[in-house]
Each structure stands twice: as structure tokens, then as C-alpha cells.
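# Examination of the molecular architecture
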Amino acid sequence: MTNATAIPVSDKQQILAQLCEQLDDAIFILDANLCYLSVNACYEMTIGYNESFLLGRPLGIYAAKFLSADEGAILADITSHLNSSGFYEKHFAMANRYGQVIDCHMTYRKICIEQTVYYVGMVRDMSAAIKDQKKVAHLLNYNQVTGLPNRKVFLSKTNDLLLDTYQEIAIVRLNIDRYRSLASLLGPDGINTLIKSFVTRIKNLQLDYLTCFSHFGGDDFVLVFECPDANIVRQQLDSLMQICERPFSSDKTEANIYCHISVGASYFPKDDDELTGLLAKAEKALHYVKKQGGEDICWYDTSIDEATIGNWQLESELRTAAAEGQFIPYYQPKFELATGIITGFEALVRWQHPTRGLLRPIHFIDAIITHKLSFELFSQMAVQIAKQLSIWQEQGFCQHICINADATEFSHPNFFKMVRNLLIQHNISATQLHIEVTESSLIQRHSKVKKQLGLLKELGIYLALDDFGTGYASLSYLQEYPFDFIKVDKSFISDIDNNQTQYAIVKAILDLGTALDMQIIAEGIETEQQRDVLLSMGCKQGQGYWLSRPVAADAATKMLIEQYRTH
Ligand code: C2E
Ligand code: MG
Ligand code: MG
């Protein structure tokens, strides 16, 4: 036990007075008439009046007639509570002498000392704590990039809405197509800036019937429309898609960024009467849109469930196709436009499906990438193409064939070795094999892709940039990768004989080709007029249905024989 000695009363009073002065809480003492007797330094600071001014003045500082209605009501409340129970506690916002509003917690206590009544008040400034609370609440409830309500807020708001409403409600899920590629192109800051501008555009649209716009993270957005008419919701979504298709500028790339959107929607109560079910069904519809190439709106329907089952089947069929060699090349000739002479062929894959017949890539190429079968496809095509080249060589036709490939094929560790071995094995020159890479596949910028393209180039293989003008950063690819050919996408040729913009774009690409010493090939020539216009512009090479559709190997050989005879 310690032997503590009691502090003399006068010292104790002095210590207590000093403690009171130094406290972080504002303390004041009132007499029985609620007039100030004493206040500490913190109180002076908080309300902005010093003790000498306050002494003897009533609580509220001024006579009741000068107080605002609110202040008067609080004062009356305090007085009545203190008279009845001797205690009063309240959390409220108080304005100080300088007009600053302070969130404070106030307590009053009635104390009797030797039959004299005192009131002790304590004011605690809660502004900082409230700010922190608000900050935490914001962090917990809103997406930090866009400030939109997050999943948690969405779930509670929309659940309430479903319980209360007699209306039909559309739950709409929205993703940006090729978001991951965009994110890796723009980097973390760039993609956040894009997402913010994207959200601002949608907010500025002020869509009708929109009751909630929520951001679950990344490119995952949900919109809730309280509207029974699916056509009206569709109109709203159409205008949303249109507004987002206008280019976004980016500091990261010199080119504009175009955002395409996929949308899936479900309807309450038709599709489900619970929010989780509605969200899942809207998501299924969204995935369905993405599988079909994106940039579309799809309403949930039970047939989508069946299509998902179909996807499983597709995967297993593709694996069989890869194992059993069901992928075959069709050949579309490329022509010298002035003479009509075949300058080479492009190999286009066809899937010889056991029950569905000959399928074009649109039906399976995305699934090939998704299920990581790209390298198998490339190998199968490359082997057949190499064999075809050596057959033509034996027949005296020195031709070249272009093979299409995407970045996932290039990044395979055996890619280069496999191509080199094929050339040796079939005794063909590297210049007879061209490789076409689509712009869209370059967006991921795999460091491996650059290395592989460099190696192929060293080997003597010619490289073509396919679908030029449709990607995000066409010009930067030309600078970054060693291409020999540019293939102008068919979307710029389709109306070239009537449309001045198409004409101007193709002309600019042709000038660019001359400046960079690259050959230009026009894709998708469907009419004689298009061929004539291209020729008059100085475009030397082209391919398209008007010249020849893609054909099987035998038919391609016949074309070569025919050409040999006539020229
Ligand atoms: P691409 O490389 O740009 O090939 C041109 C596409 O346009 C081909 O479609 C061709 O049949 C079609 N086409 C040619 N001339 C015309 C025309 O005058 N008008 C129109 N409307 N279309 C024309 P296809 O064969 O369906 O191939 C589509 C795409 O699939 C190709 O576009 C290419 O990106 C990809 N692809 C084809 N074969 C392969 C392959 O073996 N591997 C990979 N990774 N992708 C391939
Ligand atoms: Mg191609
Ligand atoms: Mg193309």
C-alpha cells in the first residue's frame, strides 16, 4: 500500500481549476438564473467570446428576444429539462460568434452546493469526428473513382424499392467492351479518368425513369429504371450508348478512345421477384451480348440459359476440332488492281463441323481465344498452308500466303520455333509466308508480341497490319511494330465511291503508306466502281468478293492455272 497524503484543499482547488482550463472540452458554470459564472479557455475558443464578456450574461448571451426561433426553442427546452430533471443532453449544430457552425454534443447538469443551485455545462466539438464518420460512410457506400453508390447501397436501396413498388422495374447491367485491353493501354490513372468522363456523360443525359445509377467497380455499372415499358427503357439505353460512342480524349494515346457498351437487362417481376435473381439474369443477358461481339442490348430470356448450355457444348466441340484437324484454310486471292493478276492469297480459317457444315470464324473465333485454343488453331492452319505452298512450288507457282494470327498466338513460347521448323521442313522461303495481325489484338501490348514480331521479321517473314483504322491507336502501332503491309479495313471501302469521308481516309492512308514505305492493300472490294476509285487514288492491291470470294485449295489452284494460261 502507498502512503498517499491528502492534498490541502486550497491546492486541490488550484489543481482542479488548472485542469479545467486545459481540458479539450468546453466547460461553463451557470447560476440558478442560467447566467454565466465561469467558463474555461476551451469554451471561450469554441464560442468566440471571452469570460469577462460572458460573466453575468444569460445563457444564449443575449436577451431571449434577440435569439432566433430555433435558438429560443432550444433554450426553452434546456430550461424546462433542467427544472424538471436537473439534466439535459443534446447533439446539435451551433453557430459561434464568427458564424462557424459547430457540430457539438452538449450536456447540462444541475448541482446543488450548500443550497445554492449551479448548472455545469459541457460542450464537446464533434465536427472532426463527424467528418471522419462521413468520410468512412463515403468510403463504405460510394465508389471512390466515380462517387456513385456501390453494390451495398444499390442492394439496400433497390431491395426497398422492390418491396414498396407496384411498378415494373428494369435492372440493367452495363459493361464497357474490351475494358481490360483499354485499362492496360491507358494505365491506372488513364482508365480512371476515362471512367469518370464516361459517368459524367451518362449523368448529364438525365435519363427518364432512372432511379439508381450504381458502380460496382471497374466497368461494372447497374442502372435501375422504374418504368413498365421496355421500349421506353430501350430508347433511354440507346441514347446512352450513342453518347458514349463519341470519342473520349486521352493523354496517354494520341488517338481518341471509343467506348462501346454491352448491356444486359432483366425485368421485375416478370423474370424474378428477388433482387439477386434479377441481377444474375441481367448479367447472363450481358454475357450473352458479349459473346455475340458486344455493343448491343439484350433482355433476359429463358433461351439465354439454353445458349449458355450451348457454350459448354461449343467448348468441347472445339477441343475435338483441334484434336481431329477440323480446321481448314480457305484462300482469298489478292490482286494487282490494274492488271487483275493474283499477287498472293490470304488464308481464312473454316471449321469443317461434323453436323453444322462449313463454319466461318465469326461463329467460333472468340470461343477459340476464350478457351485458349489459339495456338492449336494457328499450328493447324500453318501446317496446311506450308504444305500448300510447297505443292504450288512443285507446280511452278511461286506464291505467298498470308496467315491471320492474334497476339495470344504470338505469345506462345513455341510460336517462333514452330514457324521456323515449318519453313525448313517444307523447303519454303520465309518471304512466301506473310502474317497478318489485327489491330485489336495488339492493344494488349504483350512485350512478347513485340519480341516475336521482331524475330519473325529477322527470319524474313513479311508482316501486315490487318483491319487498319478500326483499333484504338492505329498510328502508334505503325511506329511500334515492324509492318510491311497495311490492310485498309473494309468499313472504309464499302461506300468509297459515294462517301467523301471514306475517300479522304483512304487517301490519307495511301499517303501514309508512301511516306512510310509500306504497301497498302484494300479489303472488301465488292463492286467494280470501288475498284476503279481505288485504282484512281493510287491503290495498287486489293481483295474482295467482286474479285474473288475465299475458296478451297483446289479452286485456288485452278485460279492459278487459269492465270498462267491467260497471262
Ligand atoms: P480478315 O482477316 O479481315 O479477313 C477478311 C474477312 O472479310 C474474311 O471473313 C473474308 O471472307 C471477308 N471478306 C473478304 N472479301 C469481302 C468482301 O468483299 N466483302 C465482305 N463483306 N467481306 C469480305 P472471314 O473469313 O469470315 O474472317 C473473318 C475474320 O476472322 C478475319 O478477318 C480474321 O480477322 C479472322 N480470321 C480468319 N481466319 C483466321 C485464322 O486462321 N486465325 C485467326 N486468328 N483469325 C482468323
Ligand atoms: Mg486478315
Ligand atoms: Mg481484315
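To start, this report covers the structure provided alongside it. (Residues numbered from 1 in each chain as written. Chains lettered and ligands numbered in written order. Predicted model: local features only at pLDDT ≥ 70, side-chain atom pairs only at ≥ 80, totals over all residues. Heavy atoms only, no water.)

## Description of the coordination of the magnesium ion (ligand 3)
For the magnesium ion (ligand 3), the full set of protein donor atoms is Asp466 (OD), Asp467 (OD), Glu523 (OE) and Glu523 (OE), and the range of their distances to it is 2.0 to 2.5 Å. Counting gaps between the donor residues of the magnesium ion (ligand 3) yields the pattern D-D-x55-E. A separation of 4.0 Å is found between the magnesium ion (ligand 3) and the magnesium ion (ligand 2), which are bridged by Asp466. Residue classification places Asp467 among the partly exposed positions, given a relative accessible area of 22%. (Donors = N, O, S within 2.8 Å, 3.2 Å for Na, K, Ca; no water. Buried < 20%, exposed > 50% of the residue type's maximum accessible area, 1.4 Å probe, protein only.)

## Comments concerning the nonpolar core
Formed by 75 residues in total, the largest nonpolar core has its most connected members in Phe327 and Ile435. Here this core takes nine residues from helix H12 (residues 374-394), the largest share from any one element. Setting aside residues no more than four positions away along its own chain, Ile435 makes contact with Ile403, Ala405, Phe410, Phe415, Leu456, Ile461, Tyr462, Leu463 and Ala464. One finds Cys227, Leu240, Cys244 and Ala265 within the second-largest nonpolar core, a separate group that totals 35 residues. (Core = buried A, V, L, I, M, F, W, Y, C linked by side-chain atoms within 4.5 Å. Helix = DSSP H or I, 4+ residues; strand = E, 2+ residues; numbered from the N terminus. Contact = heavy atoms within 4.5 Å.)

## Quick notes on the site of ligand 1
Taken together, 25 residues sit near ligand 1, with Arg350, Arg360, Asp466, Glu526 and Tyr545 positioned nearest. Separating an oxygen atom of ligand 1 from a side-chain N or O atom of Lys490 is a distance of 3.0 Å. If ligand 1 stood free it would expose 790 Å²; the protein chains cover 87% of that surface. When contributions to the shell around ligand 1 are tallied by element, the ones reaching two or more residues are strand E12 (341-353), H12, strand E15 (433-438) and strand E16 (462-468). If one sorts the elements of the shell around ligand 1 by residue count, E12 sits on top with four residues. Considered class by class, the residues forming the shell around ligand 1 number nine nonpolar, five polar and eleven charged. (Near = heavy atom within 4 Å. Polar contact = N/O pair within 3.5 Å; in protein donor to acceptor, adjacent residues only side chain to side chain. Areas by Shrake-Rupley, 256 points an atom, 1.4 Å probe, with all protein chains shown as cover. Nonpolar A, V, L, I, M, F, W, Y, C, P; charged D, E, K, R; others polar.)

## Here's the deal with the pattern of salt bridges
Side chains that differ in charge, positive against negative, can pair when their charged atoms come close. Evaluation of the coordinates by the stated rule reveals 14 salt bridges. Residue Glu523 pairs with Lys487 through a salt bridge whose shortest N-O separation is 3.9 Å. You can see Glu523 sitting in the loop between strand E18 (519-522) and helix H19 (528-537) and its partner Lys487 sitting in strand E17 (residues 485-488), a full 36 residues away along the chain. Residue Lys487 is classed as buried on the basis of its relative accessible area of 0%. In this structure, a network of salt bridges that share partners links the residues Glu346, Glu436, Lys487 and Glu523. (Salt bridge = Lys/Arg side-chain N within 4 Å of Asp/Glu carboxyl O.)

## Comments concerning the environment of Ser379
Position of Ser379 relative to the elements: it lies in helix H12. The buried category is assigned to Ser379, whose relative accessible area is 18%. Taking the C-alpha atoms as reference points, Ser379 and Glu409, separated by 30 residues in sequence, lie 9.2 Å from one another. Within the structure, Ser379 has its side chain in polar contact with the backbone oxygen of Phe375 (distance 2.7 Å).

## Here we look at the packing of aromatic side chains
One pass over the structure, following the stated rule, counts 21 aromatic pairs. For the ring pair Phe28 and Tyr36, a centre distance of 6.0 Å and an interplane angle of 55° mean the geometry is tilted. Each member of the pair Phe28 and Tyr36 is classed as buried. Each ring, one from Phe397 and one from Tyr564, has its centre 6.4 Å from the other, and the planes form 75°; the classification is edge-to-face. Within this pair, whereas Phe397 is found in the loop between H12 and strand E14 (401-405), its partner Tyr564 is found in helix H20 (residues 553-566), the two being separated by 167 residues in sequence. Judged by relative accessible area, Tyr564 falls into the exposed class, the value being 64%. Three or more aromatic residues joined by ring pairs make a cluster, and in this case those are Phe28, Tyr36, Tyr43, Tyr88 and Tyr108. Positioned above the aromatic ring of Phe53, the side-chain terminus of Arg57 is 3.9 Å from the ring centre. Sitting over the face of the ring of Phe485, Lys334 holds its NZ or CZ atom 5.8 Å from the ring centroid. (Phe/Tyr/Trp six-rings, centres within 6.5 Å; stacked < 30°, edge-to-face > 60°. Lys NZ or Arg CZ within 6 Å of the ring centre and 35° of its normal.)

## Things to note about the pairing of E18
As defined by bridge partners, E17 adjoins E18 across four bridges and the pair is classed as parallel. Paired with Val488 across the two strands is Ala522, which belongs to E18. The parallel pair E17 and E18 is bridged by helix H18 (residues 500-516), and the resulting crossover is right-handed. As defined by bridge partners, E18 adjoins strand E19 (residues 541-542) across two bridges and the pair is classed as parallel. (Pairing = 2+ DSSP bridges. Right-handed = clockwise from strand over helix to strand, strands pointing away.)

## Observations concerning the packing of helix H7 (residues 179-205) against helix H8 (residues 230-245)
Contact geometry of H7 with H8 gives a least axis separation of 10 Å together with a crossing angle of 140°. Relative to H8, the element H7 is oriented oblique. Handedness of the H7/H8 crossing: right-handed. For the pair H7 and H8, contact is made by Phe198, Arg201, Ile202 and Leu205 and by Ser239, Leu240, Ile243 and Cys244, respectively. (Axes fitted to C-alpha atoms, helices over the stretch in contact; angles between N-to-C directions. Parallel < 35°, antiparallel > 145°, perpendicular 65-115°, else oblique. Left-handed = near helix turned anticlockwise from the far one by under 90°.)

## Side note on the coordination of the magnesium ion (ligand 2)
The protein atoms donating to the magnesium ion (ligand 2) are Glu346 (OE), Asn404 (OD1), Glu436 (OE) and Asp466 (OD), with metal-donor distances spanning 2.0 to 2.3 Å. Taking relative accessible area as the criterion, Asn404 reaches 27% and is therefore assigned partly exposed.

## Regarding helix H9 (residues 275-291)
Its 17 residues give H9 an end-to-end C-alpha distance of 24 Å, which sits within 8% of 24 Å, the value for a rise of 1.5 Å per residue. Of all the residues in H9, the buried ones are Leu275, Gly277, Leu278, Leu279, Ala282, Ala285, Leu286 and Val289. In the stretch just after H9, Gly293 is the one whose phi turns positive, near 110°. (Expected span 1.5 Å × (residues − 1).)

## Description of a nonpolar patch on the surface
A cluster of nonpolar side chains, Ile7, Ile15, Leu16 and Leu19, forms an exposed patch at the surface whose accessible area comes to about 380 Å². The topology assignment puts Leu19 in helix H1 (residues 9-22). (Patch = residues over 30% accessible without salt bridge, like charges linked within 9 Å, V, L, I, M, F, W, Y side chains within 5 Å.)

## Let's talk about the sheet that holds strand E4 (residues 101-113)
Across a sheet, strands are paired by hydrogen bonds formed along the backbone, either parallel or antiparallel in direction. On the basis of which strands lie adjacent, the open sheet formed by five strands has the order E2-E1-E5-E4-E3 and antiparallel pairing. The outermost strands of the open sheet, each flanked by one partner alone, are strand E2 (36-39) and strand E3 (87-95). Across the sheet, the mean angle from the axis of one strand to that of its neighbour is 25°, orientation sign disregarded. Note: strand E1 (residues 26-31) against strand E5 (residues 116-125), six bridges, orientation antiparallel. Within E5, the position partnered with Ile29 by the bridge is Val120.

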